[in-house]
Amino acid sequence: MAAAAASKGRKRPALTPAQLKDEAMKRLLYPRLLGKPRINPTGIHRREVNRALRRVMRSAEAHETIERAWQLHKRQIREERAQDLKLKHDSMKNAMDKLKKLDRRLYDIAVAKVDPRGILPDDAEDLKPLKGPARRFWLSRVQGLFPREMWIPTDTPRKNGWSYEWKAPPSSTGSSKSAETP
Amino acid sequence: MQNAAKRRVVPSRNLQAKSYFQPRFLSTEAVAETSSTSSLPLPSSSKTPRQWTRPIANGVIKAYDEALALIRHDSNVKMREVQRLRKELEMATEASQKLEIEARLQKLKIESQINLPEVRWGMKEGLMDLSNPVYRHLLEKSWRKDGRLDMLMERIHQMHVIPDVIPTIYPTVDLRVILDRKNWKASDTTWFEAGPGEFLDPKRTRVRPRFQATVFHLEPRLYTLMTYLISRIKVSRRIYTCSSSYFYPHSTTGYAQATKYFVYRPNISLDAVSSHQANISLDDAIASWIPPHPQNGTPYHRYVTLLLPQSSATTPIEIDARDYSERLGFDVRQVIEKYGLGKQGDGSKMRMVPRTYADRIGTGMSGGIHMWRAVWDQDVSKIYQKVLKLPEPRYGSPPKPDRYGGRRDSKYY
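Residues numbered from 1 in each chain as written. Chains lettered and ligands numbered in written order. Predicted model: local features only at pLDDT ≥ 70, side-chain atom pairs only at ≥ 80, totals over all residues. Heavy atoms only, no water.

When helices and strands are tallied, chain B shows 11 helices and 8 strands. Sequence separation of 24 or more characterises 74% of the internal contacts of chain B that already satisfy a separation of 6 or more. Taken as a whole, chain B presents about 23,100 Å² of accessible surface, with 53% of it coming from carbon and sulfur. (Helix = DSSP H or I, 4+ residues; strand = E, 2+ residues; numbered from the N terminus. Contact = heavy atoms within 4.5 Å. Areas by Shrake-Rupley, 256 points an atom, 1.4 Å probe, with all protein chains shown as cover.)

Structure below.
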């Protein structure tokens, strides 16, 4: 609508702040969509790639060689990572197999899956004095999951400022130690 | 003038450099070697075989230098691994262990060379040694992935070649049909490849075309080549195409049977190294070539070429030429069943065959297939007159009964 109006040389109607935001986002995501779109915005077919490549690499063979080398490099990294993980996994499996033969009880403990909804026996004493909202807060935390306090860093500080008195709620596993952040 | 001075001149070694970065089908220009004169301008001083050289000098593009270094290093590492595996293979005793090492060795041989710029250049120029598994792999990959096989299968299915005479086919051989034609200079001949499903003028196929097959196995195996015409017989009405005035090429309700064969030659020995871009010799074929002659008034005819592996790779099959003296009534299915053609062993061993039908290669139809079409031309009349020496038939729809009893002379009554 606005584009049609602009093409005829008439004044554009004033855009609301929401529309301005949309326009800014559109310009950011699809820079060539405004005007005469020559590129598919989803990026599947890009006709300027060949032209740009020819400017950079005058030799098609050199381009292919570089492509091959890059693919090879990625493959090397991939295979190395896979090999590393495989060794670690095999080592763990080996250890657990041996443990199974040596001590079945310890093996069962090591292999047991912790029910995230449940309470570990070690935490039962910590849980006894808690009542009401504190108890509910503690029970609703899932063990091992990322903590509720985690937040994406922002450019500007909070409205209520930095809380120096904040203390981490008791957590028996202690895995997610980002409870340091308020 | 100023622009010419600014442009960096990169010597183009590729004589046919048309445009970069376009999908390059495997160069068929190399096929010219087998015809009388080549249409390609070769370099005048080609006493030594061409070698790969760097396209860009050292230091010009750092990314290219680094890429080369990485590729060479990886290739060296893998080649050392290949040597180690070879020694391991010699020392291995169990059969299963040997098979495993051989599989790994084969894969590694390909991996160690596939990224080398010399190999890739060799493929583009057609200078490849097919005893090397890398070239075989790249050749088969190009045939299967770059579109030629897809086009063939599309045409084969769209023109109903596949359910007509043979139930199905999973090609493992790249079959090409090449025709020669005289240039405007009468002394010169040039060749062209008939793509699958293309219309070929009857005058082009007056002389037998050349068949070339690229197989991807090293050991020689025996194949049978047949070229036949598909036609249809409407069983319900018991109408035979060649002797009646009706002709239904595309109806799918009738049972199809090939009526005429043009080439039938069993016991062709093919292997990867010797058969690539070499004409299949048809001197000992069952009968000589008669040119395709689609009759006047009939729709286009389909001429199918099959190259099927024989059940035994080494033992030739005995054919009595007298059984096939009559070209009419050549039953392809019967011949296939009789001699067990089309079964080419273990498909799971062939690496490039898609896993979806690898298990069916051994039991079903494998080999090569090609099809071209032809329609009546005035040259067909000449063929009937000079080559076949038969009266030329003319087909058309049957005459309609006159409902007006001859009284339809004037427009107004």
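Attention shifts here to the packing of helix H4 (residues 60–102) of chain A against helix H5 (residues 104–111) of chain A. All names here are of chain A. Following both chains from N to C, one finds H4 and H5 inclined at 140°, their axes separated by 6 Å at the closest point. In this view, H4 runs oblique relative to H5, as classed from their interaxial angle. The residues of H5 that touch H4, namely those facing Met96, Leu99, Lys100 and Leu102, are Arg104, Leu106, Tyr107, Ala110 and Val111. Here the contact of H4 with H5 is composed, by residue class, of 7 nonpolar, no polar and 2 charged. (Axes fitted to C-alpha atoms, helices over the stretch in contact; angles between N-to-C directions. Parallel < 35°, antiparallel > 145°, perpendicular 65-115°, else oblique. Nonpolar A, V, L, I, M, F, W, Y, C, P; charged D, E, K, R; others polar.)

A separate point is the pattern of salt bridges. In this structure the tally under the stated criterion is 29 salt bridges over all chains. Across the pair Lys88 of chain A and Asp84 of chain A runs a salt bridge whose closest N-O atoms are separated by 3.5 Å. Of this pair, Lys88 of chain A and Asp84 of chain A are both found in helix H4, 4 residues apart, which corresponds to roughly one turn of the helix. Taking the relative accessible area as the measure of exposure, Lys88 of chain A reaches 49% and is therefore partly exposed. For Asp84 of chain A, a relative accessible area of 38% translates into the label partly exposed. Here Glu66 of chain B ties to Lys62 of chain B by a salt bridge, and the two come within 3.4 Å at their closest N and O atoms. Pair noted here: Glu66 of chain B and Lys62 of chain B are both in helix H2 (residues 62–91), with a separation of 4 residues, about one helical turn. Exposure remark for Lys62 of chain B: the relative accessible area of 61% places this residue in the exposed category. One connected set of salt bridges, linked through shared partners, spans Arg75 and Glu79 of chain A together with Lys107 and Glu111 of chain B. (Salt bridge = Lys/Arg side-chain N within 4 Å of Asp/Glu carboxyl O. Buried < 20%, exposed > 50% of the residue type's maximum accessible area, 1.4 Å probe, protein only.)

Residue and element names in this part refer to chain B. Ranked by size, the top nonpolar core spans 47 residues in total, and within it Ile166, Ile169, Met226, Tyr228, Phe330, Val332 and Ile369 carry the most contacts. Tallying contributions element by element places helix H5 (residues 133–145) first for this core, with 5 residues. Filtering out sequence-adjacent residues up to four positions away, Ile369 remains in contact with Leu152, Ile156, Val161, Ile162, Ile166, Ile169, Leu175, Val304, Thr305 and Leu306. Core analysis: the second largest hydrophobic core is formed by 30 residues, Val263, Ile280, Leu307 and Val380 among them. (Core = buried A, V, L, I, M, F, W, Y, C linked by side-chain atoms within 4.5 Å.)

Time to look at the pairing of strand S2 (residues 174–182) of chain B. All names here are of chain B. Taken together, the 5 bridges between S2 and strand S4 (residues 210–214) define a ladder with antiparallel strand orientation. Bridge pairing in S4 links Ile178 to Arg210. Pairing of S2 with strand S3 (residues 189–194), which is carried by 6 bridges, proceeds in the antiparallel orientation. Considered in S3, the bridge of Leu179 is made with Phe192. (Pairing = 2+ DSSP bridges.)

Residues and elements named next belong to chain B. In terms of residue burial, strand S7 (residues 301–309) counts as a mostly covered element, since 9 of its 9 residues are buried. Across the two faces of S7 the burial is the same, with His301, Tyr303, Thr305, Leu307 and Pro309 and Arg302, Val304, Leu306 and Leu308 all buried. The pairing of S7 with strand S8 (residues 366–374) spans 7 bridges and is classified as antiparallel. Paired with Val304 across the strands is Met371, a residue of S8.

Right, let's talk about the packing of aromatic side chains for a bit. Residue and element names in this part refer to chain B. Counted according to the given criterion, the structure contains 10 aromatic pairs over all chains. Aromatic pair Tyr261 and Tyr264: ring centres 6.3 Å apart, planes at 75°, arrangement edge-to-face. Relative accessible area serves as the criterion here: at 0%, Tyr264 is assigned to the buried category. Of the aromatic side chains, those joined through ring pairs into one cluster are Tyr261, Tyr264, Tyr324 and Phe330. Seen from the ring of Tyr300, Arg373 lies directly overhead, with NZ or CZ sitting 4.8 Å from the centre. (Phe/Tyr/Trp six-rings, centres within 6.5 Å; stacked < 30°, edge-to-face > 60°. Lys NZ or Arg CZ within 6 Å of the ring centre and 35° of its normal.)

This part covers the interface of chain A and chain B. Across the contact, 20 residues belong to chain A and 24 residues belong to chain B. Roughly 2,000 Å² is buried in total at the junction of chain A and chain B, and carbon and sulfur atoms are behind 62% of that figure. Three residues stand out in chain A for area buried against chain B, namely Arg58, Glu61 and Leu72 of chain A, and they jointly supply 30% of the buried area on that side. Run the count over chain A and chain B and you get 3 salt bridges. One salt bridge in this structure joins Glu64 of chain A and Lys124 of chain B, with 2.8 Å as the shortest N-O distance. Remark: the boundary between chain A and chain B carries 5 residue pairs in polar contact (both at pLDDT 80 or more). At the level of elements, helix H3 (48–56) and H4 of chain A are the ones that each hand at least two residues to the side of chain A that touches chain B. (Buried area = accessible area lost by both parts, 1.4 Å probe. Polar contact = N/O pair within 3.5 Å; in protein donor to acceptor, adjacent residues only side chain to side chain.)

Take unusual backbone geometry next. Residues and elements named next belong to chain B. At His160, a position not held by glycine, the phi torsion is positive, near 55°. Mapped onto the fold, His160 is located in the loop between helix H6 (148–158) and helix H7 (161–164). For Gln277, which is not glycine, the phi torsion reads 60° and is therefore positive. With respect to the helices and strands, the residue Gln277 is situated in the loop between helix H8 (272–275) and S7. Accessibility expressed as a relative area gives 16% for Gln277, which makes it buried.

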